[in-house]
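Spelled out, the chains give:
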Amino acid sequence: MKPVLSVHAGTPYLPWRDPREATRLLRYALRRHGFTHTYQSNGTGMSVLSVLIDLTVWCRNGLFVWNEGGRQTCHPAADPAGAARLISRHHRGPIFGDTPSGEGGDPRVHVLPVTGSVRD
């Protein structure tokens, strides 16, 4: 039997309070940035996402946490799309049309690495 979480009537569903759900949303956001081979593992009160050989993202206490260039980076778990943008900028380069003001270009078009593979 699965445990039932107690939620009071009228309480909005907040996925980032559940590290598993927040990490799942981050995984989907990263997929839109070209990170297609990720692995998620969940534990009590935390979740971890293996993105690249040198990139692991932890989710606990309402934060995504990862290392960039030897420095710990934190981002609110309430914003998985924002965390995905930060990770993508550091590990894949800027998104097409990504400017400091957030304007310009088509936000649906992303720069992906050249792989040498051919797709029809």
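Scope of this entry: the structure provided in the associated data block. (Residues numbered from 1 in each chain as written. Predicted model: local features only at pLDDT ≥ 70, side-chain atom pairs only at ≥ 80, totals over all residues. Heavy atoms only, no water.)

Quick look at the pattern of salt bridges
The test is simple: In the sections that follow, a salt bridge refers to a side-chain nitrogen of Lys or Arg positioned within 4 Å of a carboxyl oxygen of Asp or Glu. Only protein chains enter the accessibility calculation, which uses a 1.4 Å probe; a residue whose area is less than 20% of its type maximum is buried, one above 50% is exposed, and one in between is partly exposed. Working definition: helices are DSSP H or I runs of at least four residues, strands are E runs of at least two. Numbering for both runs from the N terminus.
Evaluation of the coordinates by the stated rule reveals two salt bridges. Residues Asp-18 and Arg-20 are paired through a salt bridge, measuring 3.2 Å at the closest nitrogen-oxygen approach. Among the residues examined, Arg-20 registers a relative accessible area of 45% and is labelled partly exposed. Put simply, Arg-24 and Glu-21 hold a salt bridge, and the shortest N to O gap is 2.3 Å. With Arg-24 and Glu-21 both in helix 1 (residues 19-32) and three residues apart, the pair spans about one turn of that helix. Given a relative accessible area of 16%, Glu-21 falls into the buried group.

Concerning the side chain of Gln-40
Put simply, the test is: Pairs of N or O atoms are called polar contacts if they sit within 3.5 Å, as long as, within protein, a hydrogen donor faces a hydrogen acceptor (for residues adjacent in sequence, only side-chain-to-side-chain pairs). Residues count as neighbours in contact if any of their non-hydrogen atoms are within 4.5 Å of one another.
On the secondary structure map, Gln-40 appears in strand 1 (residues 39-43). Gln-40 gets classed as buried once you look at its relative accessible area, which sits at 16%. Here Arg-20 takes part through its backbone oxygen, which lies 3.1 Å from a polar atom of the side chain of Gln-40. Side chain to side chain, Gln-40 and Asn-42 meet in a polar contact 3.0 Å long. Look past the residues within four positions of Gln-40 in its chain and what remains in contact with it is Arg-20, Thr-23, Arg-24, Arg-27, Ser-47, Val-48 and Leu-49.

What about the side chain of Glu-68?
Cut-off, in case you're wondering: Lys and Arg are tallied as positive, Asp and Glu as negative. Neither His nor the chain termini are counted.
Within the secondary structure, Glu-68 sits in strand 4 (residues 63-68). It is Arg-71 that comes nearest to the buried, bridge-free Glu-68 among opposite-charge side chains, at 8.1 Å. A polar atom in the side chain of Glu-68 sits 2.7 Å from the side chain of Trp-66. Each residue touching Glu-68, except ones within four places of it in the same chain, is listed here: Thr-73, Leu-86, Ile-87 and His-90.

Structural notes on the sheet that holds strand 5 (residues 71-76)
Inclusion rule: Here, a strand pair is defined by DSSP locating no fewer than two bridges between the strands. Here, axes are lines fitted to C-alpha atoms. For helices the fit covers the stretch in contact, and angles between N-to-C directions go from 0 to 180 degrees.
Here we have five strands laid out as an open sheet, ordered 1-2-3-4-5, and antiparallel in their pairing. With partners counted over all chains shown, the strands left at the sheet margins are strand 1 and strand 5, one partner each. Taken over all neighbouring pairs, the strand axes of this sheet differ in orientation by 20° on average, direction set aside. Strand direction decides the pairing type here: strand 4 and strand 5, joined by six bridges, are antiparallel. Considered in strand 5, the bridge of Leu-63 is made with Pro-76. Along the sheet, helix 1 makes contact with strand 1, strand 2 (46-52), strand 3 (55-60) and strand 4, crossing strand 2 at roughly 20°. Strands strand 2, strand 3, strand 4 and strand 5 of the sheet are contacted by helix 2 (residues 80-92), whose axis makes an angle of about 5° with strand 4.

A word on unusual backbone geometry
Leave glycine aside and you will find that most residues have negative phi; peptide bonds, for their part, are mostly trans. Of note, the phi angle at Asn-61 is positive, near 55°, even though the residue is not glycine. For Asn-61, the location among the structural elements is in the loop between strand 3 and strand 4.

A short note on helix 2
Under the convention used in this document: What a helix should span is 1.5 Å times the count of its residues minus one.
Over its 13 residues, helix 2 extends 17 Å from the first C-alpha to the last, a length consistent with the 18 Å expected when each residue adds 1.5 Å. Taken residue by residue, helix 2 has Pro-80, Gly-82, Ala-83, Ala-84, Ile-87 and Ser-88 as its buried positions. In this structure, the buried side of helix 2 is in contact with helix 1, strand 3, strand 4 and strand 5.

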